[in-house]
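The lines below spell out each chain.
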2 protein chains.
Amino acid sequence: MSNIKDIAKIAGVSVTTVSRVLNNERYVSDEKRNAVLRAIEITKYQRNLNAVNLSKGKTHLIGVVVPYSNHPYFGLLIEGISIEAIKKNYKLVLFQTDYQKERELEALEMLKHKQIDSLIICSRICSLEVVEAYLEYGPVILCEDTRNTRISSTFVDHYKSFTIALEYIYKKGHRKIGYCIGRSSGTNSLQRNLAYKDFLHKYNLPYHDEQIIKKCSYFEDGERIVNTLIESKNRPTALLVTSDQVAAGILTCCNEKGIVIPEDLAIISFDNQPIAKYMKLTTVEMPIKEMGQKLLHQALLNEQSQTEMSVKLIERQTV
Amino acid sequence: MSNIKDIAKIAGVSVTTVSRVLNNERYVSDEKRNAVLRAIEITKYQRNLNAVNLSKGKTHLIGVVVPYSNHPYFGLLIEGISIEAIKKNYKLVLFQTDYQKERELEALEMLKHKQIDSLIICSRICSLEVVEAYLEYGPVILCEDTRNTRISSTFVDHYKSFTIALEYIYKKGHRKIGYCIGRSSGTNSLQRNLAYKDFLHKYNLPYHDEQIIKKCSYFEDGERIVNTLIESKNRPTALLVTSDQVAAGILTCCNEKGIVIPEDLAIISFDNQPIAKYMKLTTVEMPIKEMGQKLLHQALLNEQSQTEMSVKLIERQTV
DNA sequence: CTGTTAGCGCGTTCAC
DNA sequence: GTGAACGCGCTAACAG
């Protein structure tokens, strides 16, 4: 494989000139530029990006941290990030953490070592302080409300969106409302819990811990949820479900057990992925793909910015 | 940030010695080794991996090409690859091609430019010849039967697995059997089609083109499939479905329309993802995650190897 | 065991 | 407009 020196020799110019045409700089005569272009053509020269990286201290690589890639929410988010990365000629380095802190730190360390230019953490396990400490090495973008920090982010206000769903359910006459959530400890989950409590308080409704069902992430969690519901002595008449997949799983199970939706149980989910339309789920739409795209844009910038994305209630047939 | 020279100076040794302890080589006296270690400690030295890469001509990065990341099959495959990558201290660069040839070529070109050490193509669009041409730049691993080429791969014999399903269905008394498939042009799909034709021929059954339903990849494709079936004048009594997700979608739609499974329509799917158990799908289990792990191992080796993975019929309640 | 030195391939002053 | 020369940080002969 030929290098910049070879090209210079063949074209009868200096390496500097070659570098200039490579980087599309002005101040190169058409004559020499063409000579270089021709040399590149005949040698099928390709520049060594490692060398470029070393020289420039940049990699054109962006890290993406997700807990699981085998999950529709993160799959779509990655898709959004990926679409923009392609446009901007950046590549993605995927980190699958399984919510293990060391894995997330590994990604952060790669930023520090200049192996990636920026890092997008789609779901975080390290503390905000830890993340913030890495900001000096490059952009770190989060997917949660970071408006009280120096960290950039794209997020939806889960307090708001949860409230929208709750109020809607309330207007439909429900007074015993529960919810299903994936990981219960993240910022987003805490926001939702707060919205829930505030809502109950506002309408003077009782809080029952058992009406919050945790570890609900996949379609197949539906059965456990329905069983929990059935055994519950304080069975809710409506359920907020933080993912369409899980809601679809619940629906399927209810169907099998003869629980009629929405008469016996109203369901409102979140995301509005294709499955939601298919299952006729009433859902709160989240612009996941767009969030991914926005995240990438932020990763490329070097300024702090926090972008809230808005949600939209889609009425279908499960409430 | 300090570099290897600084460490050498502080430790009072040469850069080579530093390099040696960095790379855990023998032939360094404990005395000097400790001095170096101490210097690293106090300066919090981190080596610049770009420089290592340039010098060694390696990146510790492995490219992974998928059409979509927002798809359970590829999600799980990526998960498998990722698990092993972490163990071996390799990182993944994700390429989402959307089945566009240029995107796949971009990944191949990155291999050529030494930006990645190897490339795993989970689903291919370029011709085998094109792929083979890149073999000189590094390992390229495929996810299909490549036993008549020089390309390494991990795959399941789809001819075999399709035949298993067909024979099983046949034994259950079905004579009008159709199938649903995603992309119809891949090697894997062609193998399945061949198995299908050979099966029909063996039992002297007629071939109806309309019994092959294409572009079936997602849960929500279920409705279109069921509608196609209903309108079909030669409606099959059994259906092979190349993904659990799609089968689950069909099931859901049938349920709604009062089509009883398996009496009105028998369904056998492939993969045995969690949703299959949940929906009580009879399915042909594919070791997707294990395939991912094996793929990564092959990507690290420099020898040609083709590994067939075996499948297993899981009897549940849809046949 | 240890150090000197020459690359790896490219970007970038800074004179001309 | 152009090019010589140095720097990026590290590895790998080679000599001792």
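Only a predicted model underlies this, so the values are computations on that prediction, with no experimental measurement involved. (Residues numbered from 1 in each chain as written. Chains lettered and ligands numbered in written order. Predicted model: local features only at pLDDT ≥ 70, side-chain atom pairs only at ≥ 80, totals over all residues. Heavy atoms only, no water.)

### Here's the deal with the protein's contact with DNA strand C
Inspection of the region around DNA strand C gives 24 residues, with A:Ile4, A:Tyr45, A:Ser55, B:Thr16 and B:Ser29 positioned closest. Among the atoms of DNA strand C close to the protein, meaning within 4 Å, 63% are from sugar or phosphate groups. At 2.7 Å from a base oxygen of DNA strand C is found a side-chain nitrogen or oxygen belonging to B:Thr16. At the level of elements, α2 (15–22) and α4 (49–56) of chain A together with α2 (15–22) and α4 (49–56) of chain B are the ones that each hand at least two residues to the surface near DNA strand C. (Near = heavy atom within 4 Å. Polar contact = N/O pair within 3.5 Å; in protein donor to acceptor, adjacent residues only side chain to side chain. Helix = DSSP H or I, 4+ residues; strand = E, 2+ residues; numbered from the N terminus.)

### Quick notes on the domain arrangement of chain A
Residue and element names in this part refer to chain A. Its domain assignment divides chain A into domain 1 (4–47), domain 2 (56–156 + 289–309) and domain 3 (158–287). On the side of domain 3, 13 residues touch domain 2, which itself brings 19 residues to the contact. Together domain 2 and domain 3 conceal approximately 1300 Å² of surface at their shared face, both sides included; 49% is due to carbon and sulfur atoms. The closest approach of N and O atoms between Lys160 and Glu308, which form a salt bridge, is 2.8 Å. (Domains from an automatic or database assignment. Contact = heavy atoms within 4.5 Å. Buried area = accessible area lost by both parts, 1.4 Å probe. Salt bridge = Lys/Arg side-chain N within 4 Å of Asp/Glu carboxyl O.)

### Topic: the pattern of salt bridges
If you walk through the whole model with that rule in mind, you get 24 salt bridges over all chains. Across the pair A:Asp157 and A:Arg147 runs a salt bridge, and its minimum N-O distance is 3.9 Å. With A:Asp157 in the loop between β5 (152–156) and α8 (158–171) and A:Arg147 in the loop between β4 (140–142) and β5, this pair connects stretches of sequence that are 10 residues apart. Of the residues examined, A:Arg147 reaches a relative accessible area of 45% and is grouped as partly exposed. Its salt-bridge partner being B:Arg224, residue B:Asp221 comes within 3.5 Å of it at the nearest N-O pair. Look at B:Asp221 and you get buried, because its relative accessible area is 14%. Judged by relative accessible area, B:Arg224 falls into the partly exposed class, the value being 35%. Shared partners join several salt bridges into a network, and the residues in it are A:Asp145, A:Arg147, A:Asp157, A:Lys160 and A:Glu308. (Buried < 20%, exposed > 50% of the residue type's maximum accessible area, 1.4 Å probe, protein only.)

### Describing the protein's contact with DNA strand D
Around DNA strand D, a shell composed of 23 residues is seen, among which A:Thr16, A:Thr17, B:Ile4, B:Tyr45 and B:Ser55 lie nearest. In this structure, A:Ser29 approaches DNA strand D through a main-chain N or O atom, which is 2.7 Å from a phosphate oxygen. In the environment of DNA strand D, a sugar or linking oxygen lies 2.6 Å from a nitrogen or oxygen atom belonging to the side chain of B:Ser55. At the level of elements, α2 and α4 of chain A together with α2 and α4 of chain B are the ones that each hand at least two residues to the surface near DNA strand D. Take the surface near DNA strand D: its biggest share by element is four residues, from α4(B). Grouping the constituent residues of the surface near DNA strand D by class yields eight nonpolar, 11 polar and four charged. (Nonpolar A, V, L, I, M, F, W, Y, C, P; charged D, E, K, R; others polar.)

### A short note on the nonpolar core
Judged by nonpolar contacts, the single largest core of 51 residues is most densely connected at A:Leu77 and B:Leu77. Apart from residues no more than four positions distant in its own chain, A:Leu77 is found in contact with A:Cys122, A:Cys143, A:Ile288, A:Met291, A:Gly292 and A:Leu295. The next biggest cluster of nonpolar side chains, apart from the first, holds 48 residues, and it includes A:Leu239, B:Cys216, B:Leu251 and B:Leu281. (Core = buried A, V, L, I, M, F, W, Y, C linked by side-chain atoms within 4.5 Å.)

### A short note on the packing of aromatic side chains
Considering all chains together, one arrives at 25 aromatic pairs over all chains under this definition. On the basis of an interplanar angle of 85° and a centroid distance of 4.9 Å, the ring pair of B:Tyr73 and B:Phe74 is categorised as edge-to-face. Accessibility classification places B:Tyr73 together with B:Phe74 in one group, the buried group. Site record: aromatic cluster; members linked through ring pairs are A:Phe162, A:Tyr179, A:Tyr196, A:Tyr207 and A:Phe270. One cation-aromatic arrangement involves A:Arg175 over A:Tyr170; the distance from NZ or CZ to the ring centre is 3.6 Å. (Phe/Tyr/Trp six-rings, centres within 6.5 Å; stacked < 30°, edge-to-face > 60°. Lys NZ or Arg CZ within 6 Å of the ring centre and 35° of its normal.)

### As for the sheet that holds strand β2 (residues 91–96) of chain A
Taken in spatial order, the 12 strands line up as β11(A)-β5(A)-β4(A)-β3(A)-β1(A)-β2(A)-β2(B)-β1(B)-β3(B)-β4(B)-β5(B)-β11(B) in an open sheet, and their pairing is mixed. Each having just a single partner strand, β11 (306–309) of chain A together with β11 (306–309) of chain B make up the two edges of the open sheet. Across this sheet, the average inter-strand angle for adjacent strands is 20°, counted without regard to direction. Running at roughly 155° to strand β3 (residues 118–121) of chain A, helix α6 (residues 101–112) of chain A makes contact with β1 (61–66), β2, β3 and β4 of chain A together with β2 (91–96) of chain B of the sheet. (Pairing = 2+ DSSP bridges. Axes fitted to C-alpha atoms, helices over the stretch in contact; angles between N-to-C directions.)

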